[in-house]
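# A structural walkthrough
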Amino acid sequence: MAKGGRAKKKMALPPGGPLQGKRLGDVRGSLLPDAVASEDRVCWRFSHVDHDGRWGFDRMDTVTLCEVLTKLAACESMTLNELRTTRRFFTEYRDLSRLCKDAVVRLDELGFGDATEIQRLEFTGKQRLYGFLVANVFHVLWWDPEHEVYPSKLKHT
């Protein structure tokens, strides 16, 4: 018995385990700072990461992965408009004919052959992270450490 003579109620667990199928309240208000504006803030999805292709995350070393995740976490405080104004870091490509041939083939193999644009985040040196932006959600697809997916034509070379 609990203090005051009342018996403690046992919490009934839903079938399948303690959290399966159980809504844990309003996550927006309790976990996200400034949650009122969170719909406008950039966020990440990793369900489309290409693990088996040439630009899979399995080719990334642990140190680089930590650096990428740290930078992505820092971007979560930005709205989509703020991200778009960081032109050097964020770029939208609407001419997919300039993707390297392997990237075009791989997009088709992954079921994205009908894509009309792709976005990328630039990290240090040649490193790029590619994905698809849907509203404020960046769906991560490829890690390109050698700047091969969308090669640039350098001036005066």
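Basis of the calculations
- Residues numbered from 1 in each chain as written.
- Predicted model: local features only at pLDDT ≥ 70, side-chain atom pairs only at ≥ 80, totals over all residues.
- Heavy atoms only, no water.
- Helix = DSSP H or I, 4+ residues; strand = E, 2+ residues; numbered from the N terminus.
- Expected span 1.5 Å × (residues − 1).
- Buried < 20%, exposed > 50% of the residue type's maximum accessible area, 1.4 Å probe, protein only.
- Arc of directions from axis to C-beta.
- Contact = heavy atoms within 4.5 Å.
- Polar contact = N/O pair within 3.5 Å; in protein donor to acceptor, adjacent residues only side chain to side chain.
- Pairing = 2+ DSSP bridges.
- Axes fitted to C-alpha atoms, helices over the stretch in contact; angles between N-to-C directions.
- Core = buried A, V, L, I, M, F, W, Y, C linked by side-chain atoms within 4.5 Å.
- Phe/Tyr/Trp six-rings, centres within 6.5 Å; stacked < 30°, edge-to-face > 60°.

A few words now on helix H2 (residues 62-75). When the terminal C-alpha atoms of H2 are compared, their 20 Å separation across 14 residues agrees well with the 20 Å that a helix rising 1.5 Å per residue should span. Among all positions of H2, only Thr64, Val68, Leu72 and Cys75 are buried. Taken down its axis, H2 places every buried residue within 70 degrees of arc, on the same side. Relative to its buried face, H2 has exposed residues pointing more than 90 degrees away, namely Thr62, Val63, Thr70 and Ala74. Tucked inside the fold, the buried residues of H2 contact strand S1 (43-45), strand S3 (118-122), strand S4 (128-134) and strand S5 (137-144). Capping the start of H2 is the job of one residue whose side-chain oxygen sits 3.1 Å from the backbone nitrogen of valine 63: aspartate 61.

Here we come to the sheet that holds S4. Sheet strands associate in pairs through backbone hydrogen bonding, adopting either a parallel or an antiparallel arrangement. Judged by pairing direction, the sheet is mixed, and its five strands sit side by side in the order S1-S5-S4-S3-S2 without closing on themselves. Of all the strands in the sheet, just S1 and strand S2 (90-93) have a single pairing partner and so form its edges. Averaged over all neighbouring strand pairs, the angle between strand axes comes to 40 degrees, with direction disregarded. Relative to S5, S4 runs antiparallel, the two being bridged by seven bridges. Counted as the bridge partner of arginine 128 is aspartate 144 from S5.

Core analysis: the largest hydrophobic core is formed by 20 residues, its most contacted members being Leu121, Phe123, Leu129 and Phe138. Those elements giving two or more residues to this core turn out to be H2, helix H3 (80-84), S4 and S5. Discounting residues that sit within four places of it in the chain, phenylalanine 138 has contacts with Cys43, Trp44, Arg45, Phe90, Gln119, Arg120, Leu121, Leu129, Tyr130, Gly131, Phe132 and Leu133.

Time to look at the packing of aromatic side chains. One pass over the structure, following the stated rule, counts six aromatic pairs. Judged by centre distance (5.6 Å) and plane angle (70 degrees), the rings of tryptophan 44 and phenylalanine 138 are edge-to-face. Pair noted here: tryptophan 44 is in strand S1 and phenylalanine 138 is in strand S5, with a separation of 94 residues, a long-range link. Of the two residues examined, tryptophan 44 and phenylalanine 138, each falls in the buried class. Cluster of aromatic residues (ring-pair linked, three or more members): Phe89, Phe123 and Trp143.

Honestly, it's all geometry; don't read function into it.
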